[in-house]
Amino acid sequence: MSKYHHIILFRLKDGISGEQNQHALALLNQAGQGCQGLERWEVHESVDGRKGHIIILESLFASEEDFQNFHNSEKHNEATSFLCEVADWWVGDYVE
């Protein structure tokens, strides 16, 4: 079975408050909790601010099916609903 990598770079929109940033971080950290087949879930803020405020999500699922289950979850929907208001993002998924 192939591992499924899911990596996202979130660039927060200009003018986003510190409170909104903290809420985004909290939602992202909570979204990975208790997911079946989740092997790694890391959320970090970029130390390089030259291109704006960037939040990095790096996750690894045991299979694409496990990822799809997460993708259809309420936690995922809650996080993406908020993040679409405060950030633009780029997704990079690949199978190992």
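Above: the structure in question.
This write-up is about the structure you can find in this document. (Residues numbered from 1 in each chain as written. Predicted model: local features only at pLDDT ≥ 70, side-chain atom pairs only at ≥ 80, totals over all residues. Heavy atoms only, no water.)

**Regarding the state of the cysteines**
Going by this rule: Here, the term disulfide refers to a pair of cysteine sulfur atoms separated by no more than 2.5 Å.
Considering all chains together, one arrives at 0 disulfides under this definition. Looking at Cys 84, it has no disulfide partner, and the nearest cysteine sulfur is the one in Cys 35, 19 Å off.

**Let's talk about the pattern of salt bridges**
Applicable threshold: Each reported salt bridge corresponds to a side-chain nitrogen of Lys or Arg within 4 Å of a carboxyl oxygen of Asp or Glu. Each helix is a run of DSSP H or I of at least 4 residues and each strand a run of E of at least 2, with the numbering of both proceeding from the N terminus. Exposure categories follow from relative accessible area, calculated using a 1.4 Å probe and restricted to protein chains: below 20% of the type maximum is buried, above 50% is exposed, and the middle band is partly exposed.
Evaluated as defined, the whole model comprises 4 salt bridges. Close ionic contact of Lys 3 with Glu 39 constitutes a salt bridge, the shortest N to O distance being 2.7 Å. Linking Lys 3 in the segment before β1 (4-12) with Glu 39 in strand β2 (residues 38-45), this pair joins segments that are 36 residues apart in sequence. Since its relative accessible area comes to 27%, Lys 3 is described here as partly exposed. On the accessibility criterion, Glu 39 (43% relative accessible area) is partly exposed.

**Focus: the environment of Gln 22**
Take Gln 22: it is sitting in helix α1 (residues 18-31). Take Gln 22: its relative accessible area is 47%, and that puts it in the partly exposed class. Here the alpha-carbon distance between Gln 22 and Asn 72, two residues 50 residues apart in the chain, equals 24 Å.

**What to know about the sheet that holds β1**
Rules: At least two bridges found by DSSP between two strands is the condition for calling them paired. Axis geometry follows a simple rule: fit a line to the C-alpha atoms, using only the stretch in contact for helices, then measure angles between N-to-C directions, giving values from 0 to 180 degrees. Contacts are residue-level and defined by heavy atoms, with any inter-residue pair within 4.5 Å sufficient.
Reading across the sheet, the 4 strands line up as β2-β3-β1-β4 and stay open at both edges, with antiparallel pairing between neighbours. Where the open sheet ends on each side, the last strands, each with one partner, are β2 and β4 (87-95). Ignoring which end each strand starts from, the neighbouring axes of this sheet average 10° apart. The pairing of β1 with β4 spans 9 bridges and is classified as antiparallel. Bridge pairing in β4 links Ile 7 to Gly 92. Against the sheet, helix α3 (residues 74-86) engages β1 and β4, with an angle of about 130° to β4.

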